[in-house]
Amino acid sequence: MIILPAIDIKDGKCVRLMQGDYNTAHKVAESAVETAKGFENAGARWMHMVDLDGAKAKKPVNTDTVFSVRGNTNINIEVGGGIRDMATVDMYISGGVNRVILGSAALHDPDFVREAVKTYGRRIAVGIDALNGKVAAEGWTEQSEIDYLEMAKRMEDIGVRYLIFTDISKDGMLSGPNLQMLDRINRAVSCSVIASGGVSNLKDIIALHALGLYGAIAGKSLYTGALDLSQAVRACQRLSGSGLKTREETEEHLERYFIKSELIPAVVQEASTGEVLMLAYMNRESMLKTLETGYTWFYSRSRQTLWNKGATSGHVQKVVSITADCDDDTLLIKVVQTGPACHTGSHSCFFKEIAEF
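Being a predicted model, the structure only gives us computed values, none of them experimental.

1. Re the side chain of Ser196
For step 1, the next point in the chain: Considering the arrangement of structural elements, one finds Ser196 in strand E11 (residues 192-196).
For step 2, the next point in the chain: Given a relative accessible area of 13%, Ser196 falls into the buried group.
For step 3, the next point in the chain: Within the local environment of Ser196, its side chain forms a polar contact with the side chain of Thr166, the two groups lying 3.2 Å apart.
For step 4, the next point in the chain: Ser196 has contacts with Ile164, Phe165, Thr166, Asp167 and Ile217, leaving out every residue within four places of it along the chain.

This is the structure in structure tokens:
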């Protein structure tokens, strides 16, 4: 299970609410960027941001704050609040936001959710906020008659992979999450469920992990000091047996390398000699296959398909290490090369001398 520390934005400030009541908003931090950096330094791989003004206005309001956090950290970010059309989804995704949360729009416009999922797949999440078991909307100011489990099943049928469930009565109260409702929704659908609302201490994190949930959002407990983020992250890693366990978790860990582009250049180097052998490109899937198999996989820009180095020639590359540069936008892959690396028969692709000084 992953921990997602939360930042709620109102009037450009980091605030927290009680039970979704905007009148209870109080500032909990001076700077969203510095707060996010603190989350990242504590070991969090994801953070949860909500544009509270956007949720009420039905359109984004605090985008400058969101993109400021995006531009100054490497942590994965999911954002919700006021996202009602594809133009807004496109704006956030193209701006480097890793996951977009649809809330009220999911209740009122399922076709929009369907289009968003078709376009962006796992980068779309749906927030299901419930009061007395019924789905609420419009920044929790309106309540429907739709049961939260029925809503979850509708979203599953559309193809949504991530659900963020909040029992509004627990939000910001530090009284513990609604374990019964979370267990029901987690059992009812195949989606990855993220718990939101009520997390007050490490015992709550352990209880949520025991339900087999995908993630847990923590907000007020972090700001009051009732929950130590680094301890919570380490506890989840110990309970899971490792920091990165499933393919899904690995995918999320890799997101930071694809913020700027869908492709990342990979310099391949002979581990024993330091000789540079070739330059190729990786997308998410080829990088995953490389990590899973221990041999290099790349993405061909001309053929627009994956290729496994040496699959036909036998000149494979066994990976020794993968290192990212300081900006997380170039990889150095050290390998044990079998045979020549270049299709010309040369050991290295770099053999055409242009100048020597």
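Having seen the model, we can carry on.
2. Focus on the packing of aromatic side chains
For step 1, the next point in the chain: Across all of its chains, the model carries 4 aromatic pairs by this definition.
For step 2, the next point in the chain: Aromatic side chains Tyr148 and Phe165 sit 5.1 Å apart centroid to centroid with 35° between the ring planes, which places their arrangement in the tilted category. With Tyr148 in helix H7 (residues 148-158) and Phe165 in strand E10 (residues 162-167), the pair connects residues that are 17 residues apart, well separated along the chain. The same class applies to Tyr148 as to Phe165, namely buried.
For step 3, the next point in the chain: Geometrically, the ring pair formed by Phe298 and Trp307 is tilted, given 5.2 Å between the ring centres and 45° between the ring planes.
For step 4, the next point in the chain: Exposure remark for Phe298: the relative accessible area of 0% places this residue in the buried category.
For step 5, the next point in the chain: In this structure, Arg99 is placed above the aromatic ring of Tyr162, and the distance from its NZ or CZ to the ring centre is 4.2 Å.
For step 6, the next point in the chain: Directly above the aromatic system of Trp297 lies the positively charged group of Lys289, at a separation of 4.9 Å from the ring centroid.

3. A word on the packing of helix H4 (residues 86-94) against helix H6 (residues 110-120)
For step 1, the next point in the chain: Between H4 and H6, the least distance of the axes is 10 Å, while the angle of their chain directions is 30°. The pairing of H4 with H6 is recorded here as roughly parallel in orientation. Crossing geometry of H4 relative to H6 is assigned as right-handed. Contact with H4, carried on its side by Met86, Val89, Asp90 and Ile93, involves Phe112, Glu115, Ala116, Thr119 and Tyr120 of H6 and no other residues of that element.

4. Here we look at helix H8 (residues 179-188)
For step 1, the next point in the chain: Met181, Leu182, Ile185 and Asn186 are the residues of H8 that are buried. Buried residues along H8 cover an arc of 130° about the axis, so they all sit on one side. Of the exposed residues in H8, the ones pointing more than 90 degrees away from its buried face are Gln180 and Arg187.
For step 2, the next point in the chain: For H8, the secondary structure elements touched by its buried residues are strand E7 (124-131), H7, E10, E11 and helix H9 (202-210).

The rules we used
Residues numbered from 1 in each chain as written. Predicted model: local features only at pLDDT ≥ 70, side-chain atom pairs only at ≥ 80, totals over all residues. Heavy atoms only, no water. Helix = DSSP H or I, 4+ residues; strand = E, 2+ residues; numbered from the N terminus. Buried < 20%, exposed > 50% of the residue type's maximum accessible area, 1.4 Å probe, protein only. Polar contact = N/O pair within 3.5 Å; in protein donor to acceptor, adjacent residues only side chain to side chain. Contact = heavy atoms within 4.5 Å. Phe/Tyr/Trp six-rings, centres within 6.5 Å; stacked < 30°, edge-to-face > 60°. Lys NZ or Arg CZ within 6 Å of the ring centre and 35° of its normal. Axes fitted to C-alpha atoms, helices over the stretch in contact; angles between N-to-C directions. Parallel < 35°, antiparallel > 145°, perpendicular 65-115°, else oblique. Left-handed = near helix turned anticlockwise from the far one by under 90°. Arc of directions from axis to C-beta.

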